[in-house]
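Next come the chains, spelled out residue by residue.
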Amino acid sequence: MNKTRRAAALATGVICAVQFVLQLDFSIVNVALNTIQRELSMPPAELQWIVTGYALTFGSLLLAGGRLADLLGRRRLLVIGLVLFAVASLGCGLARWPVMLIVARMVQGAAAALASPAALSLLTTASPEGHERNRALALWQASTAGGATTGIIAGGLLTQYLGWRAVFLINPPLIALLLAFVPRLPAGTAAGGGKVGIRGAALVTAAIAALIYGLTEGQQHGFGSPASVAALVAAVVLALAFIYSERTLPAPMIPPSLLAAPARRAAIAAMLLIGATLAGYVYFLSLYLQKVHHFSPVQTGLGLLPSTLTVVLMSTLVTRRLLTRFGARPVLLAGLMIMTAGQLWLAFMITGQSSYLDGVLPGLLLTSLSIGLSLPAASVAITTGVHGRDQGIAGAMFTTGQQVGAAVGLAVLATAAAARTAATAGDVVAGYRLSFLIAAGLGAFGVALVALARSPAPSREPVDTPSSAASSEQAARD
């Protein structure tokens with residue numbers, strides 16, 4: 001292995017480790033919520049903000065974080081995000097009052113919004129388009145899936161044996177280890193002459209924050225509640241203001257070229273639908289296993305472990321080869337079709353009497369197989385043909401699509417499931433089955449979107465490669 005390939009392999013390993021840790025923290029806290037509520041005497045309305053506060057700042061700041069990475073330097077933003085994340089994790093672990101924990105969680109989300117798009121854009125700019133990038137993005141998705149399930153299992157073990165504070169205090173030493181390798185990563189292009197675009201960043205951040213808050217309030221207190229209605233109306237107004245602002249600025253936050261290709265637009269839309277389906281299926285399967293089969297939190301994590309193993313094996317061993325041979329669009333289509341089949345299985349096969357093996361596992365494996373196909377394919381479709389100077393915002397669009405889709409999807413699916421449960425005299429399984437049926441409809445809609453999208457025309461301008469980027473950013477090394 002030559003020096004260039006060793007450097008690329010190191011970059012891929014470190015960046016995937018960063019994503020693993022960020023995803024680990026996103027899921028690790030869920031198992032500890034009951035213990036946190038008891039020890040800090042938190043009412044339910046405050047407890048849900050431990051999760052919502054993180055999702056709110058993370059989802060709303062991703063686009064701004066991606067643009068900052070492009071303009072100020074990706075490695076620099078990654079270091080800032082990781083350091084801030086470690087400090088916030090320490091604040092969570094040492095929290096003595098509910099408000100201290102909630103604020104620290106919101107800072108964690110903001111820090112992750114800086115680190116995640118910077119890491120993803122470092123990954124794509126360090127890997128040339130084609131086989132190497134396909135492999136890198138497949139490993140990225142595998143680390144995401146591994147971190148999510150490891151978080152569920154580790155959260156149960158840490159909470160049971162070391163207490164809930166350990167789920168946060170484990171982060172600083174992990175991040176310190178990662179920071180030791182960050183100086184060996186490429187600095188990334190820093191377009192120092194560009195402007196951050198405070199107005200556009202503020203508008204899109206506020207719009208996404210209002211959307212997530214409105215959906216959360218609607219899910220908790222009903223979509224007719226004043227807070228939910230006001231927030232959702234504000235989200236629409238702010239989104240329209242952002243679109244108008246983008247059209248009038250000479251240097252918009254989201255370059256028009258990123259949305260010019262129909263295939264890229266379809267991939268972004270597919271990410272919204274995939275995010276909605278993924279969030280819903282993990283949420284409702286977890287509830288089903290615990291409420292119907294009476295699994296413990298650790299048993300639930302182990303029950304979901306086949307999903308993680310399938311995603312990891314599919315992404316790393318199969319999907320990257322399929323992407324190289326067939327391209328992103330056919331692989332994404334196949335993934336969406338299999339996702340639809342997996343959700344249909346769960347919608348029709350789980351009952352109050354079905355077992356884990358014959359009711360849950362086949363649908364779980366089909367859905368996880370589809371995730372191992374569709375997420376790497378969507379990430380390739382969104383980042384292919386993008387100039388190196390715009391890789392940060394492109395990666396942020398991919399992650400934002402998944403996060404916003406998860407927020408919208410979970411709110412819609414949970415509301416539909418609750419309504420069906422109420423209409424069937426408290427039959428929770430009927431509610432879960434309806435949620436899976438709606439998710440299957442979302443998957444079918446995604447198939448139609450991707451199938452009808454035209455393939456993008458080749459870019460007339462050269463896309464930055466690692467070698468050309470290295471020469472142009474030598475003066476901007478951190």
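Residue numbering note: each chain is counted from 1, following its sequence as written. Under the rules for a predicted model, residues below a pLDDT of 70 receive no local features and side-chain atom pairs below 80 are neither given nor counted, while totals for whole chains, interfaces and linings still include all residues. The basis for every side-chain value is the complete set of heavy atoms in the structure, and neither hydrogens nor water enter the calculation.

Concerning the overall build of the protein chain
Check the secondary structure of the protein chain and you find 17 helices and 0 strands. For the protein chain, the C-alpha radius of gyration of 21 Å lies close to 23 Å, the compact-globule estimate for 478 residues. Projected onto the principal axes, the alpha-carbon positions of the protein chain cover approximately 65 × 50 × 50 Å. Exposed residues in this analysis have more than 50% of their type's maximum accessible area, buried residues have under 20%, and partly exposed residues fall in between, with area computed by a 1.4 Å probe over protein chains only. Expressed as a percentage of the 478 residues in the protein chain, the buried residues total 55%. The contacts of the protein chain with a sequence gap of at least 6 include a subset with a gap of at least 24, amounting to 83%. Taken as a whole, the protein chain presents about 19400 Å² of accessible surface, with 69% of it coming from carbon and sulfur. Of the side-chain charges in the protein chain, 30 are positive and 15 negative, and the distance between the mean point of each set is 6 Å. We count a stretch as a helix when DSSP gives it H or I for four or more residues in a row; a strand needs E for two or more, and each element gets its number in order from the N terminus. Each radius of gyration is computed over the set of C-alpha atoms, and the globule rule expresses the reference value as 2.2 Å times the number of residues to the power 0.38. Two residues qualify as a contact provided that any one of their heavy atoms is within 4.5 Å of a heavy atom in the partner residue. Only the protein chains shown count as cover for residues, with accessible areas throughout obtained via the Shrake-Rupley method and a probe of 1.4 Å. Lys and Arg are tallied as positive, Asp and Glu as negative. Neither His nor the chain termini are counted. Here the site of a charge means atom NZ of a Lys, CZ of an Arg, CG of an Asp or CD of a Glu.

As for the pattern of salt bridges
Throughout this description, the term salt bridge denotes a Lys or Arg side-chain nitrogen within 4 Å of a carboxyl oxygen of Asp or Glu. Here the structure, examined in full by the defined rule, presents 2 salt bridges. Arg 67 is paired through a salt bridge with Asp 70; the nearest N and O atoms lie 3.2 Å apart. Within this pair, Arg 67 and its partner Asp 70 are both found in helix 3 (residues 44–72), separated by 3 residues, close to a single helical turn. Asp 70 matches Arg 67 in its accessibility class, with the two residues each being buried. Where Arg 74 meets Asp 70, a salt bridge forms, and the shortest distance between an N and an O atom there is 2.9 Å. The class for Arg 74 is buried, based on a relative accessible area of 0%. With relative accessibility at 0%, the residue Asp 70 sits in the buried group. It is possible to trace a salt-bridge network through shared partners that takes in Arg 67, Asp 70 and Arg 74.

Quick word on the environment of Ser 307
Inspection of the secondary structure assignment puts Ser 307 in helix 12 (residues 297–326). Once the C-alpha coordinates of Ser 307 and Ala 276 are considered, the two residues, 31 residues apart in sequence, prove to be 17 Å apart. Beyond its immediate stretch of four places on either side in the chain, Ser 307 contacts Tyr 281, Leu 364 and Ser 368.

Digging into the environment of Leu 323
Of note, Leu 323 is situated in helix 12. In this structure Leu 323 comes out as buried when scored by relative accessible area, which is 5%. Those residues within four positions of Leu 323 in sequence are excluded, and the remaining contacts are Asn 134, Ala 328, Val 331, Pro 376, Ala 377 and Val 380.

Some thoughts on the nonpolar core
Within the largest apolar cluster, 122 residues are counted, with the highest numbers of intra-cluster contacts made by Ile 36, Leu 63, Leu 78, Leu 101, Leu 332 and Phe 436. If you tally residues by element for this core, the top one is helix 5 (residues 98–126), at 13 residues. Ignoring anything within four residues of it in the chain, the contact list for Leu 78 reads Val 18, Ala 115, Ala 118, Ala 119, Leu 122, Val 182 and Leu 185. Buried Ala, Val, Leu, Ile, Met, Phe, Trp, Tyr and Cys residues that are joined via side-chain atoms within 4.5 Å together make up what is termed a nonpolar core.

Things to note about the packing of helix 13 (residues 328–349) against helix 16 (residues 428–452)
Orientation is described by lines fitted to C-alpha atoms, with helices fitted over the stretch in contact, and by angles between N-to-C directions that extend from 0 to 180 degrees. For the pair helix 13 and helix 16, interaxial distance at closest approach is 8 Å and the crossing angle is 160°. Considered as vectors, helix 13 and helix 16 are oriented roughly antiparallel to each other. Taken as a pair, helix 13 and helix 16 cross one another with a handedness that is left-handed. Side by side, helix 13 and helix 16 meet where Arg 329, Leu 332, Leu 333, Leu 336, Met 337, Thr 340, Gln 343, Leu 344, Leu 346, Ala 347 and Phe 348 of the first sit next to Arg 433, Phe 436, Leu 437, Ala 439, Ala 440, Gly 443, Ala 444, Gly 446, Val 447, Val 450, Ala 451 and Leu 452 of the second. Angle categories are assigned with fixed cut-offs, so that under 35 degrees is roughly parallel, over 145 is roughly antiparallel, 65 to 115 is roughly perpendicular, and the rest are oblique. Note on convention: near helix rotated counterclockwise from far helix by under a right angle means a left-handed crossing. Clockwise means right-handed.

Some points on unusual backbone geometry
At His 294, a residue that is not glycine, the phi angle is positive and equals roughly 60°. Counting through the fold element by element, His 294 comes out in the loop between helix 11 (262–291) and helix 12. Phi is positive for Ala 425, which is not a glycine, with a value near 60°.

Things to note about helix 8 (residues 171–181)
Turning to helix 8, its buried residues number three or more, namely Asn 171, Ile 175 and Leu 178. Projected onto a plane normal to the axis of helix 8, the buried residues spread over an arc of 60° and lie on a single side. When the buried face of helix 8 is taken as reference, the exposed residues oriented beyond 90 degrees from it are Pro 173, Leu 177 and Ala 180. Working note: the arc is built from the helix axis to C-beta atom directions.

Notes on the confidence of the model for the protein chain
For the protein chain, the mean per-residue pLDDT works out to 84, and 91% of the residues sit at or above 70. Within the protein chain, no element has a lower average pLDDT than helix 17 (residues 466–472), which sits at 40, and none a higher one than helix 13, at 95. Below pLDDT 50 for its whole length, residues 456–478 participates in 36 contacts with residues either more than four positions away or in separate chains. Scored from 0 to 100, pLDDT records how confident the predictor is in each individual residue.

What to know about the packing of aromatic side chains
Aromatic rings from Phe, Tyr and Trp, taking only the six-membered ring of Trp, are treated as a pair when their centres fall within 6.5 Å; an angle between ring planes under 30 degrees marks them as stacked, one over 60 as edge-to-face, and anything in between as tilted. In this structure the tally under the stated criterion is 8 aromatic pairs. Here Phe 284 and Phe 436 contribute two aromatic rings whose centre-to-centre distance is 6.4 Å and whose plane-to-plane angle is 80°, an arrangement assigned as edge-to-face. Of the two residues, Phe 284 sits in helix 11 while Phe 436 sits in helix 16, which places them 152 residues apart along the sequence. The same class applies to Phe 284 and to Phe 436, which are both buried. Taking the centre distance of 6.5 Å and the plane angle of 85° together, the rings of Tyr 288 and Tyr 432 count as edge-to-face.

Some remarks on helix 6 (residues 131–161)
Take the number of residues in a helix, subtract one, and multiply by 1.5 Å to get its expected span. For helix 6, built from 31 residues, the straight-helix expectation of 45 Å at 1.5 Å per residue is met to within 8% by its first-to-last C-alpha distance of 44 Å. Burial analysis of helix 6 places 22 of its 31 residues in the buried class, the great majority of the element. Residue Gly 163 follows helix 6 closely and has a positive phi angle near 100°.

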